[in-house]
Amino acid sequence: MTNHIAFIGVGNMGNPMADQLVKAGNEVKAFDVSPEVIKIAKESGLNVVSTIDELLDGASTVISMLPEGKHVRSLYLGDKGILNKIPKECLIIDCSTIDIETSLELGNEAKKLGIKMIDAPVTGGVMGARIGKLNFLVGGSEEAVALAKPLFDIMGQKILHAGAQGSGVGVKICNNMSLGISMIAASESLMLAKRLKMDIKKVHEIIKAASGNNWAMTNYTPLPNLTDGVPSNNKYRPGFTAAMMRKDLRLAMDAAQSVDASTPLGKAALEIFSKFCDEGDSDTDYSGISKMIGGDAWNYPFDPKGNK
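These figures come from a predicted structure and were not determined experimentally.

A.B. asks: Looking at this structure, how should I read the overall build of the protein chain?
C.D. replies: Broken down by element type, the protein chain carries 13 helices and nine strands. Here the protein chain has a C-alpha radius of gyration of 20 Å; the compact-globule value for 308 residues is 19 Å, and the two agree. With the C-alpha coordinates of the protein chain rotated into their principal frame, the extents come out at 65 × 45 × 35 Å. Counting only residues that meet the buried cut, the protein chain has 51% of its 308 residues in that class. A sequence separation of at least 24 residues applies to 65% of the contacts in the protein chain between residues at least 6 apart. As displayed, the protein chain offers around 14,700 Å² of accessible surface, 52% of which is attributable to carbon and sulfur atoms. Taking the average location of the 33 positive side-chain charges in the protein chain and that of its 35 negative ones, the two points are 5 Å from each other.

Structure representation (C-alpha cells):
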C-alpha cells in the first residue's frame, strides 16, 4: 500500500530520509522554511510544496525532523500550530532530538485530539540516513509503533522501542551524552599515543580488542585512516556537527538538573564541545573535537566546510 507522507524538515538528515521513502514507492510531500534547504531538496528530486494545507492534503503520516524543541513547538502547537489541521487518522512521527517536556506536551495534545503520535529520534547520522541504516529510538504505544514500522524498515535497520511517549527522546539524550563523552575519550587516548610517538594504527587495533574500546573508537574514529567511511577521512566534514552534539549535551544537562542527577562527565563534555564551537568549529563533524584535544600534536587535513 502506498503511504502518503508529509515530511517536514528536509535538511541534512530529513532529505535522505525522505528520499529513501520515495525510492520505496511512497508519495512524499516535503516542506521546509529555509530557502537554501528548499533549493537543495528540489535539486535532489523531492516534491517540495509551499503551503501547509497542500502538505497535509491526503496525508496518512506526518514526519518531522527539526533542530530543536522550539521549532517542534512552533510547528505543531499554539494558535498557528498545525496540530489542529492534521486529520485524526494520521500518525505523527517526530524524529527530532528535543527536550522531553516538549515531546510529552505534543503527545498529550495529539492524544486529546485522537491523533496517534510517537517520538522517534535517530542514531546513525547523515551516512546512515543516506543508505537507510538509521536506528530509531522510539517512544509511544505498541499500536502506534506497529503503524510506523513499515516506514522505519525503509529508513532504518533497527527499531528500539524504549517505552511510552517521551521515552525515545529520553534515551536519545542519554545515548548522546555517552557518545559525546566517549568521543572525547577516544580522542584523548589516540592523541596521547601520538605524543608518545607510538604507531597509531597498532594502538587503535589493540584498544578495539581491549577493555578501553567504545563505539567511537571502533566505528567513528576521531583520527583519519583508521576506519573506512568516517568524517575524519574527509577533512572532518559532517556527519553530525559539533553544534548538534553541544545541543544534545545541553539537553542532557537540562534533563539531569530536572531530576537532580549527577553527571560530572556530561558537564565536562558540554564545556569542551562548547569551547570548540565558540572557537569557530561548530560546523565541524563532532569527531573533530580531536583537533582541540590534540593541540600542537594534531596535524591532519581539516576543511569541514569544503572550501579548499
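A.B. asks: For this particular structure, what's the right way to read the pairing of strand E4 (residues 61-64)?
C.D. replies: Regular strands show a simple pattern: their side chains alternate between the two faces of the sheet. Burial of the side chains of E4 extends over both faces: Thr61 and Ile63 are buried on one face and Val62 and Ser64 on the other. Note that strand E1 (residues 4-8) and E4 share four bridges and pair parallel. Within the sheet, the bridge partner assigned to Ile5 lies in E4 and is Thr61. As paired strands, E4 and strand E5 (residues 91-94) are joined by four bridges and run parallel to one another. Across the sheet, Ser64 pairs through a bridge with Asp94, a residue of E5.

A.B. asks: Even after reading the chapter, I still don't get the nonpolar core, so can you show me in this structure?
C.D. replies: Nonpolar side chains in soluble globular proteins tend to end up buried together. The biggest cluster of nonpolar side chains holds 36 residues, and the ones touching the most others in it are Leu190, Leu223, Met245, Leu249, Phe273, Tyr286 and Trp298. Those elements that place two or more of their residues in this core are helix H8 (167-195), helix H9 (200-208), helix H10 (215-219), helix H11 (242-258) and helix H12 (264-281). A per-element tally of this core places H8 first, with nine residues. Ignoring anything within four residues of it in the chain, the contact list for Leu249 reads Asn176, Met177, Gly266, Ala269, Leu270 and Phe273. In this structure, Ala18, Val138, Ala144 and Leu151 belong to the second largest nonpolar core, which totals 32 residues.

Criteria and cut-off values
- Residues numbered from 1 in each chain as written.
- Predicted model: local features only at pLDDT ≥ 70, side-chain atom pairs only at ≥ 80, totals over all residues.
- Heavy atoms only, no water.
- Helix = DSSP H or I, 4+ residues; strand = E, 2+ residues; numbered from the N terminus.
- Rg over C-alpha atoms; globule rule 2.2 N^0.38 Å.
- Buried < 20%, exposed > 50% of the residue type's maximum accessible area, 1.4 Å probe, protein only.
- Contact = heavy atoms within 4.5 Å.
- Areas by Shrake-Rupley, 256 points an atom, 1.4 Å probe, with all protein chains shown as cover.
- Lys, Arg positive; Asp, Glu negative; His and termini not counted.
- Charge placed at Lys NZ, Arg CZ, Asp CG, Glu CD.
- Pairing = 2+ DSSP bridges.
- Core = buried A, V, L, I, M, F, W, Y, C linked by side-chain atoms within 4.5 Å.

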